[in-house]
Amino acid sequence: GENVEQHPSTLSVQEGDSAVIKCTYSDSASNYFPWYKQELGKGPQLIIDIRSNVGEKKDQRIAVTLNKTAKHFSLHITETQPEDSAVYFCAASISGGTSYGKLTFGQGTILTVHP
Amino acid sequence: NAGVMQNPRHLVRRRGQEARLRCSPVKGHSHVYWYRQLPEEGLKFMVYLQKENIIDESGMPKERFSAEFPKEGPSILRIQQVVRGDSAAYFCASSPRLDIRTEQFFGPGTRLTVL
């Protein structure tokens, strides 16, 4: 089955700096890669996603890149703010056709943005 | 425009008791996923259901755990004879369909504590 590795496990940055979180996946059939933000005591919230027919996607301060050949994808947050502090999870799945879209998650990155 | 609802938010059980976790998906969503998050770990897939059908339960322990998604009412995750190792956060997610756009919307979770 799919295996997703996520690094780093913790990341501490100063407000205004950039943050980068990286994930690798094992199943070349995976074609959907969402990123979730989880705040303390809450459920994961989708912040951005990318599909395998796209190499990069950007939404304001957040961007995700995908390298299908190397089977890795990354989350980039620019101009970080204290409210970006949370746990971030990457995930991979095979969506469409007879697949069920179940998500395989990375282990999570605790991001702390210091004012 | 209610999102995914889960109840209870917190549940305390003694070893050997039963735990029932409820999930009401986004209105109109017919696909429900359950995930478990152990302390300081990522989310792990447990089971995927459509209305009245269990489609994929490959992530669910063979004993003591069961899930259902009846034609009317919420999806239920049931854990019989709970043990301390069942203590975790259980998240439900729903999705409108299984095509290339397979975004899953997560609920706030139920935090189960087994004494």
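Placed above this text is the structure.
Only a predicted model underlies this, so the values are computations on that prediction, with no experimental measurement involved. Counting from 1, residues in each chain are numbered in the order their sequence is written. Key to labels: chains lettered from A, ligands numbered from 1, both in the order written. Owing to the predicted nature of the model, reporting of local features is limited to residues with pLDDT of at least 70; listing and counting of side-chain atom pairs is limited to 80 or more, with chain, interface and lining totals taken over all residues. Excluding hydrogens and water, the side-chain figures rest on all heavy atoms present in the structure.

Visitor: Could you give an account of the overall build of chain B, with specific residues and numbers?
Guide: Each helix is a run of DSSP H or I of at least 4 residues and each strand a run of E of at least 2, with the numbering of both proceeding from the N terminus. Helix and strand counts for chain B come out as zero helices and eleven strands. Counting from the amino terminus, chain B carries its helices and strands in the arrangement β-β-β-β-β-β-β-β-β-β-β. Our radius of gyration is a C-alpha quantity, and the globule rule it is checked against amounts to 2.2 Å times the number of residues to the power 0.38. Whereas a compact globule of 115 residues would reach a radius of gyration of roughly 13 Å, chain B reaches 13 Å, a difference of no more than 12%. Taken along its principal axes, the extent of the C-alpha atoms in chain B is 40 × 25 × 25 Å. Whether a residue is buried, partly exposed or exposed follows from its accessible area with a 1.4 Å probe, protein chains only, as a fraction of its type maximum: under 20%, in between, or over 50%, in that order. In chain B, buried positions account for 45% of the 115 residues. Throughout, a contact is declared for two residues whenever any of their heavy atoms are within 4.5 Å. Contacts in chain B between residues far apart in sequence, at least 24 positions, make up 53% of those at least 6 positions apart. The charge count treats Lys and Arg as positive and Asp and Glu as negative. His and the chain ends do not count. Note that the charge is assigned to NZ on lysines, CZ on arginines, CG on aspartates and CD on glutamates. Charge-centre separation for chain B: the mean point of 18 positive side chains lies 6 Å from the mean point of 12 negative side chains.

Visitor: A description of the interface of chain A and chain B should follow, citing residues and the corresponding values.
Guide: At the junction of the two partners, chain A supplies 22 residues and chain B supplies 24 residues. We define buried area as the total accessible area lost by two parts upon association, computed with a 1.4 Å probe and summed across both. A combined buried area of about 1,800 Å² lies between chain A and chain B, and 55% of that area is made up of carbon and sulfur atoms. Throughout this description, the term salt bridge denotes a Lys or Arg side-chain nitrogen within 4 Å of a carboxyl oxygen of Asp or Glu. Across the contact surface, chain A and chain B share one salt bridge. For this analysis, a polar contact is any N or O atom pair within 3.5 Å, provided that within protein one partner can donate a hydrogen and the other can accept it, and provided that sequence-adjacent residues contribute only side-chain to side-chain pairs. In this assembly, chain A and chain B are joined by seven residue pairs in polar contact (both at pLDDT 80 or more). Classification used: nonpolar for Ala, Val, Leu, Ile, Met, Phe, Trp, Tyr, Cys and Pro, charged for Asp, Glu, Lys and Arg, polar for all others including Gly. Class assignment of the residues belonging to the side of chain A that touches chain B gives a composition of eight nonpolar, eleven polar and three charged.

Visitor: Break down the packing of aromatic side chains for me, with residues and values.
Guide: Aromatic contacts are taken between Phe, Tyr and Trp rings whose centres are within 6.5 Å, Trp giving its six-membered ring; a plane angle under 30 degrees counts as stacked, one over 60 as edge-to-face, and the others as tilted. Tallied over the entire structure, the rule returns 13 aromatic pairs over all chains. Taking the centre distance of 5.6 Å and the plane angle of 90° together, the rings of Phe-105 of chain A and Tyr-35 of chain B count as edge-to-face. Here Tyr-35 of chain B lies in strand β4 (residues 31-37) and Phe-105 of chain A lies in strand β10 (residues 104-105), a pairing that spans two chains. Of the two residues examined, Phe-105 of chain A and Tyr-35 of chain B, each falls in the buried class. Between Tyr-35 of chain B and Phe-106 of chain B, the aromatic rings sit 5.4 Å apart at their centres with planes inclined by 45°, giving tilted as the arrangement. Linking Tyr-35 of chain B in strand β4 with Phe-106 of chain B in strand β10 (residues 105-106), this pair joins segments that are 71 residues apart in sequence. Comparing Tyr-35 of chain B with Phe-106 of chain B shows no difference in burial state: the two are buried. Grouping aromatic residues by their ring pairs yields a cluster made of Tyr-36, Phe-89 and Phe-105 of chain A together with Tyr-33, Tyr-35, Phe-45, Tyr-48 and Phe-106 of chain B.

Visitor: Could you give me a rundown of the side chain of Gln-6 of chain A, with the residues and numbers involved?
Guide: All names here are of chain A. Here Gln-6 shows up in strand β1 (residues 4-7). Side-chain polar atoms of Gln-6 contact the backbone oxygen of Tyr-88, separated by 2.7 Å. Looking at Gln-6, its side chain comes within polar contact range of the side chain of Thr-109, at 3.0 Å. Beyond its immediate chain neighbours, meaning those up to four positions away, Gln-6 contacts Ile-21, Lys-22, Cys-23, Trp-35, Tyr-88, Phe-89, Cys-90, Gly-106, Gln-107, Gly-108 and Thr-109.

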